[in-house]
Amino acid sequence: MENNSHIKKLFSHTVIYGLGIVLNKSVNFILLPVYTRYYTPQEIGMLTLLQSISFFLMVIYALGMETSFMKFFIEEKDVKKRSEIYSATLIFLLIFTAIISSVIFFFSESIVTVFDFTDIDTSILLLKILCVLMVADTIYRFPLLLFRAELKAKTYAYINLLTFVVNIIANIVLIVFLKIGIEAILYSYLLSVIVTLVVSIIVTGKYLTMSISLKRIKEMLKFGNKFIYIGLCLILIDMSDRFFLKYFFNEKVVGIYWANYRLATVMSLVIAAFKFSWTPYFLNLSDHPENKKIISNIFTYFCFAGLSMFLIFSLLIDQFVQINILGFQFLDTNYMYGLTIVPLVLLAYFFSGAYSTMNAAPFFTDKTFLILFISITGLLINTALNFLLIPILEMNGAALSTLITYLAMFLIMYYYSQKIYKIDYEWKKIFRIGLLTAVFFLISYFAVNNITDSNSIKIILNFLLISIFFFVINSTGIIKLRSVMNVIFKKK
């Protein structure tokens with residue numbers, strides 16, 4: 001019963017964090033019809049590549065301080081010392097990021113020429129906007145981390161609601177009404193980040209001081225430095241495929257790949273919400289005598305939820321994007337060529353989340369170097385696969401490389417985590433869920449898709465398959481849906 005209460009608590013945090021993340025990160029998904037209607041695949045491809053560079057740089061900008069801040073802030077109970085940690089982090093990173101962005105801004109023209117973009121002038125403008133955005137984006141994350149550290153999930157969600165509203169409105173105004181170019185996407189996000197930062201600083205005012213403790217900064221940098229390399233590895237795993245596609249093909253292929261990758265956003269948002277809630281949650285669970293049973297139980301529910309989402313979206317996404325409403329389709333026909341990558345991306349997100357669940361063992365045993373080792377291993381695997389598969393399978397090769405990489409990282413982390421902190425996972429139950437998921441996916445792929453060309457009939461048949469899947473899961477007792485409902489609606 002106690003395990004169920006922990007699952008309910010984690011689920012409630014995941015839902016609330018998920019709301020915040022969905023609101024903040026789903027803008028690209030929601031506005032996909034707008035982006036693909038007003039911008040060409042080449043333009044979106046150029047923006048995607050430059051944003052990928054910024055995501056890589058953001059890891060360096062943060063210096064691993066996100067993980068350090070979370071750990072030090074949670075472990076420190078004194079309000080005055082928490083203020084010291086929070087203020088020192090903000091001031092130090094503000095100075096550090098402003099210096100780096102100034103250098104990149106000055107050399108922006110030289111940097112973009114390396115990538116041989118079709119539209120040099122626009123690419124220079126985008127990079128200059130990103131220089132400002134990266135400073136604001138780095139700083140604004142830490143008030144949100146503070147809310148997570150204090151388990152203030154609702155505050156986190158409200159702040160992200162504000163970000164979402166500003167971002168959506170700005171996008172619509174700049175793109176649809178003012179007809180501004182591709183840079184409108186960055187201007188909109190920058191505005192939303194600045195508004196969020198100002199409000200967050202006001203809300204966290206009690207922790208703000210004008211002093212900076214160099215001692216604290218040194219301690220946090222020492223602990224967090226390995227997470228810089230971990231973050232760089234993960235960013236390269238997630239983003240390098242775009243550059244391989246550009247190298248072997250062109251910006252148009254990158255744009256189509258990005259648009260279809262966004263269709264898996266729902267899964268990525270759920271996984272991101274779980275990661276956001278899981279890290280502070282298991283850190284607060286470290287001294288609990290039943291933490292192994294709790295983690296095992298949570299992992300089973302995670303696998304059920306993740307594989308269920310994979311099945312639902314894999315079966316329905318092709319038909320969903322083709323629905324025509326008032327002359328609009330969710331995905332413009334110029335981009336539908338890449339729909340085959342969606343199931344691969346969904347599974348990649350699933351194994352990314354499963355890998356993160358195993359991170360509790362290195363943290364509990366203070367052997368976080370394992371995470372760095374596995375991240376470097378994953379990067380090497382991913383690089384080799386990209387070189388091998390992308391020239392042959394194009395976009396499918398890129399997505400498959402990411403999937404295989406995260407599967408390998410999960411298996412390696414499981415092997416080592418069991419050596420240092422053995423947990424008895426419910427593998428028989430998880431295997432049965434996975435087997436049923438595979439069976440129903442293959443039925444849809446080979447049978448439903450060949451029975452009819454009617455989009456409506458395919459939707460009906462796939463909904464029927466999904467319903468049968470849940471019926472079998474429940475009737476065989478693998479997962480009792482009543483218990484899932486109890487978790488969702490917090491029933492005793």
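Everything below is about the structure printed above this text.
Residues numbered from 1 in each chain as written. Predicted model: local features only at pLDDT ≥ 70, side-chain atom pairs only at ≥ 80, totals over all residues. Heavy atoms only, no water.

Before going further, it helps to spend a moment on the overall build of the protein. From N to C terminus, the protein includes 21 helices and two strands. The 492 residues of the protein split such that 55% are buried. Long-range pairs, those at least 24 residues apart, make up 85% of the contacts in the protein with a sequence separation of at least 6. Just so you have it, the protein exposes about 21800 Å², and 68% of that area is on carbon and sulfur atoms. (Helix = DSSP H or I, 4+ residues; strand = E, 2+ residues; numbered from the N terminus. Buried < 20%, exposed > 50% of the residue type's maximum accessible area, 1.4 Å probe, protein only. Contact = heavy atoms within 4.5 Å. Areas by Shrake-Rupley, 256 points an atom, 1.4 Å probe, with all protein chains shown as cover.)

This next bit is on the environment of isoleucine 104. Looking at the element boundaries, isoleucine 104 is found in helix H6 (residues 79–106). C-alpha separation for the pair isoleucine 104 and leucine 130, spaced 26 residues apart in sequence, amounts to 9.7 Å. Excluding residues within four positions of it along the chain, isoleucine 104 makes contact with Leu57, Tyr61, Ile111, Leu127, Cys131 and Met134.

Taken as a whole and assessed by the stated rule, the structure comprises eight salt bridges. Among the ionic pairs, lysine 71 bridges to glutamate 75, the shortest N-O distance being 2.5 Å. Of this pair, lysine 71 and glutamate 75 both sit in helix H5 (residues 65–75), four residues apart, which is roughly one turn of that helix. Here glutamate 75 falls in the exposed class, since its relative accessible area comes to 52%. Between glutamate 84 and arginine 216 there is a salt bridge, with the nearest N and O atoms lying 2.8 Å from each other. (Salt bridge = Lys/Arg side-chain N within 4 Å of Asp/Glu carboxyl O.)

To continue, consider unusual backbone geometry. Not every positive phi belongs to a glycine, and lysine 179 is a case in point at roughly 55 degrees. Take lysine 179: it is sitting in the loop between helix H9 (153–177) and helix H10 (183–203). On the basis of relative accessibility, which here comes to 55%, the residue lysine 179 falls in the exposed class. We note that glutamate 394 has phi near 55 degrees; this positive angle belongs to a residue other than glycine.

Turning our attention to a nonpolar patch on the surface. The grouping of Leu161, Val165, Ile169, Val173, Phe177 and Leu178 at the surface amounts to a nonpolar patch, some 550 Å² of accessible area in total. For isoleucine 169, the location among the structural elements is in helix H9. (Patch = residues over 30% accessible without salt bridge, like charges linked within 9 Å, V, L, I, M, F, W, Y side chains within 5 Å.)

Just geometry here; none of it tells us what the structure is for.
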